[in-house]
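# Notes for the structure review
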Amino acid sequence: MSQTPRPSMLAPFAIRSYRFQWPADLATSWAFEMETLILGWFILVETGSVLLLTLFASLQFGGTLIAPAFGLAGDRIGHRNVIVLMRLLYALLAVVLTVVILSDGLTPVLALVVAGIAGMVRPSDMNVRNVIIGETMPADRLMSAVGLSRITTDSARVAGAIAGAGMVAAVGMGQAYIVVVLLYLLGALLTLGVAKRSVEAASAARAQPFAPLQGLRDAARAVWEAPPQLAAMVLAVLVNLAVFPFTIGLLPYVAREVYGATQADLGYMAAAVGIGAIAASLIVSRMGTSVRAARMMVIFCFVWHAMVIAFGHTTSLEAGLILLVLTGLAQGLCTLPMSVLLLRGAPPALRGRIMGMRTLAIYGLPVGLLVAGPLIERIGFAGTATLYGGLGAACTLAVLLYWWSDLWPKHAPSNGG
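All of these numbers come straight from a predicted model, not from anything done at the bench. (Residues numbered from 1 in each chain as written. Predicted model: local features only at pLDDT ≥ 70, side-chain atom pairs only at ≥ 80, totals over all residues. Heavy atoms only, no water.)

### Examining the overall build of the protein
- For the protein, the count of helices and strands is 18 helices and zero strands.
- Radius of gyration (C-alpha) of the protein: 21 Å, near the 22 Å computed for a compact globule of 417 residues.
- Seen through its C-alpha atoms, the protein measures out along the principal axes to roughly 60 × 45 × 45 Å.
- Scored against the burial criterion, the 417 residues of the protein give a buried share of 56%.
- A separation of at least 24 residues holds for 86% of the contacts in the protein among residues at least 6 apart in sequence.
- If the 26 positive side-chain charges of the protein are averaged to one point and the 18 negative ones to another, these points end up 11 Å apart. (Helix = DSSP H or I, 4+ residues; strand = E, 2+ residues; numbered from the N terminus. Rg over C-alpha atoms; globule rule 2.2 N^0.38 Å. Buried < 20%, exposed > 50% of the residue type's maximum accessible area, 1.4 Å probe, protein only. Contact = heavy atoms within 4.5 Å. Lys, Arg positive; Asp, Glu negative; His and termini not counted. Charge placed at Lys NZ, Arg CZ, Asp CG, Glu CD.)

And the structure:
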């Protein structure tokens, strides 16, 4: 018997909605990365405080606690409508900062306030994107679509990071922020071309009684009763707590205090993570349905923690760049199967709320950042990286052993069996 040919890794672009969503996500991701690097470097230079730097990075994820509300709103009024409103808010806040910067009025306090406001919304952006992909993409193209979608974020670590650092050095913060505003607006306009829900789905959603707490309880129960999804949620919290802080939030500290590097070098460091993650996205997209999602997620969770420990002990920029590429590769090969695992196991009516609960895992990142600041001052950067990586790897092993039958056997549903 002949086997059904595996869809091309570019097959998701045959879907019209995806052809609008991909560039919209790309523009928004580039704006995110440029804005984060510009403001992070500004705060570090103006204050010289690693504690304020970690506070700035943490504030960008303050909205993780209300992320399920965005999923609930998307299930109710449509996820496309929700994400358009989110992206218009990003543009408005960037306009405010642009005006303040051009009038020489930016202060670290104001940067922290704006980061806090944006942080109430930004954590939900990635998961709303994935929900829309889950709604519009056939099952045999889902893995490729999620992998290609992740390139929009990872490429921002390369092009967005270098552009943000380079533009500030070349033309100043004000002009660089004008580009950020334009990217946010482009992202919002292109998102309008993303497919709306079908009339039947929209009518069914409106017909349901509006009971937010019950809806969230239903989503929590669905995850609790599905061991692979529950394990993925636990690992999502773990990686945000133990390994993401070293590539999100602490890079300006490493560049300035460990390597004695410049702002341009900071851009190269962020880009190195993105290069590795892009490679991971291409690998996953090419493998498509042959990916054993749960196995890949667990294996590269271990590798990711090992990379963080090694990165903590590097003292040269060149070695750090190599390890950051490998870290980005491990990151992508862990988180992409994790996202697909959650999307596949989510009932369509609860998909937005379940992915909103996935966003709650990001709350581990600000916690990890806030704890890392005092630890770095007390035991140093290398000691902190070793502590985080070692504890994270031990917890990953505990998760694997506890859910062994659901995560490791080839025949397990979570591995495509």
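### Examining the packing of aromatic side chains
- The full count for this structure, using the stated rule, is twelve aromatic pairs.
- Note on Phe246 and Phe381: the rings are 5.8 Å apart at their centroids and 65 degrees apart in plane angle, and the pair reads as edge-to-face. With a gap of 135 residues between them, Phe246 in the loop between α11 (227-242) and α12 (251-258) and Phe381 in helix α17 (residues 364-402) connect regions that are remote in the sequence.
- With relative accessibility at 1%, the residue Phe246 sits in the buried group.
- Aromatic rings pair up to connect Phe246, Tyr253, Phe311, Phe381 and Tyr388 into one cluster.
- The ring centre of Phe32 lies 4.1 Å from the NZ or CZ of Arg122, which sits over that ring.
- Residue placement shows Arg295 over the ring face of Trp408; its charged tip is 4.5 Å from the ring centre. (Phe/Tyr/Trp six-rings, centres within 6.5 Å; stacked < 30°, edge-to-face > 60°. Lys NZ or Arg CZ within 6 Å of the ring centre and 35° of its normal.)

### Describing the pattern of salt bridges
- Per the stated rule, a full pass over the model turns up six salt bridges.
- One salt bridge connects Glu35 with Arg122, and the closest N-O pair in it is separated by 3.6 Å. Linking Glu35 in helix α1 (residues 16-47) with Arg122 in the loop between α5 (108-118) and α6 (125-136), this pair joins segments that are 87 residues apart in sequence.
- Across the salt bridge formed by Asp125 and Arg129, the nearest N and O atoms sit 2.6 Å from each other. Here Asp125 pairs with Arg129, and both are found in helix α6, just four residues apart, close to one helical turn.
- You can call Asp125 buried: its relative accessible area is 1%.
- The exposure class of Arg129 is buried, given its relative accessible area of 2%.
- Salt bridges sharing partners connect three or more residues here, namely Asp25, Arg87, Asp125 and Arg129. (Salt bridge = Lys/Arg side-chain N within 4 Å of Asp/Glu carboxyl O.)

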